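Residues per chain, in single letters:
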Amino acid sequence: MNLQIIKGLDGKDEYVLLPIEVFKALRDQIEDEVLGFNIQNNQEDAYEPFIPEDYVQNPVALARMKAGR
């Protein structure tokens with residue numbers, strides 16, 4: 001059986017496509033790993049609020065963003 005590997009934009013392996021029967025057999029282990037991966041990444045990459053004033057220099061565009069237009 002050949003597994004298809006999908007590379008990311010940087011050219012490194014990022015995803016693997018599994019046959020559904022393999023996924024079903026390993027589902028609990030996969031979910032545990034994904035949960036651990038998400039917890040680890042959430043601690044490292046804390047949420048940063050988007051503040052338009054930090055990125056938008058045009059006052060008209062900024063006013064439109066604030067007005068929701």
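Sequence order as written defines the numbering, with residues in each chain counted from 1. Totals for whole chains, interfaces and linings use all residues, but because this is a predicted model, local features are given only for residues with pLDDT of at least 70 and pairs of side-chain atoms are given and counted only at 80 or more. Only hydrogens and water are set aside when side-chain values are computed; all heavy atoms of the structure are taken into account.

Quick notes on the overall build of the protein chain
Phase 1: Each helix corresponds to a stretch of at least 4 residues labelled H or I by DSSP, and each strand to a stretch of at least 2 residues labelled E; elements are numbered beginning at the N terminus. Each helix and strand in the protein chain was counted, giving two helices and two strands.
Phase 2: When the helices and strands of the protein chain are read in sequence order from the N terminus, they spell out β-β-α-α.
Phase 3: Sorting the 69 residues of the protein chain into buried and exposed places 6% on the buried side.
Phase 4: Accessibility throughout is a Shrake-Rupley quantity obtained with a 1.4 Å probe, and a residue counts as covered only by protein chains that appear here. For the protein chain, the accessible area works out to roughly 6,700 Å², and carbon and sulfur atoms hold 55% of it. Exposure classes here rest on a 1.4 Å probe applied to the protein chains alone. A residue is buried below 20% of its type maximum, exposed above 50%, and partly exposed in between.

Topic: the pairing of strand β1 (residues 4-7)
Phase 1: Strands pair, by our definition, only if DSSP identifies at least two bridges between them. Judged from the four bridges that link them, β1 and strand β2 (residues 13-17) form a sheet pairing that is antiparallel. Paired with I5 across the bridge in β2 is V16.
Phase 2: Between β1 and β2, which pair antiparallel one after the other, the connecting turn spans five residues, and G11 there sits at a positive phi close to 85°.

So, helix α2 (residues 59-67)
Phase 1: Here a polar contact is taken to be a pair of N or O atoms separated by no more than 3.5 Å, where protein atoms must pair a possible hydrogen donor with a possible acceptor and residues adjacent in sequence count only if both atoms sit in side chains. Its side-chain oxygen 2.8 Å from the backbone nitrogen of V60, N58 forms the N-cap of α2.
Phase 2: In the stretch just after α2, G68 is the one whose phi turns positive, near 80°.

Some points on a nonpolar patch on the surface
Phase 1: Like charges are joined within 9 Å and nonpolar side chains (Val, Leu, Ile, Met, Phe, Trp, Tyr) within 5 Å, but only among residues with over 30% relative accessible area and no salt bridge; these make up the patches. Note on definitions: salt bridges are taken to be side-chain nitrogens of Lys or Arg within 4 Å of carboxyl oxygens of Asp or Glu. Judged by side-chain polarity, M1, L3, I5, V16 and L18 come together as a nonpolar surface patch covering roughly 490 Å² of accessible area.
Phase 2: Of note, I5 is situated in strand β1.

Here we look at the environment of F50
Phase 1: Note that F50 resides in the loop between α1 (20-44) and α2.
Phase 2: Residue contacts are counted whenever heavy atoms from the two residues lie within 4.5 Å of one another. Sequence-distant contacts of F50, that is, excluding residues within four places in its chain, are made with Y55 and M65.

Some remarks on the confidence of the model for the protein chain
Phase 1: When pLDDT is averaged across the protein chain, the result is 81; 86% of the residues are at 70 or more.
Phase 2: pLDDT runs from 0 to 100 and stands for how confident the predictor is about each residue. The lowest-confidence element of the protein chain is α1, averaging 79 in pLDDT; the highest-confidence one is β1, averaging 92.

Topic: the pattern of salt bridges
Phase 1: Taken as a whole and assessed by the stated rule, the structure comprises three salt bridges.
Phase 2: For K24, the salt bridge goes to E21, with nearest N and O atoms at 4.0 Å. Highlighted residues: K24 and E21, both in helix α1, separated by three residues, approximately one helical turn.
Phase 3: A relative accessible area of 55% places E21 in the exposed class.

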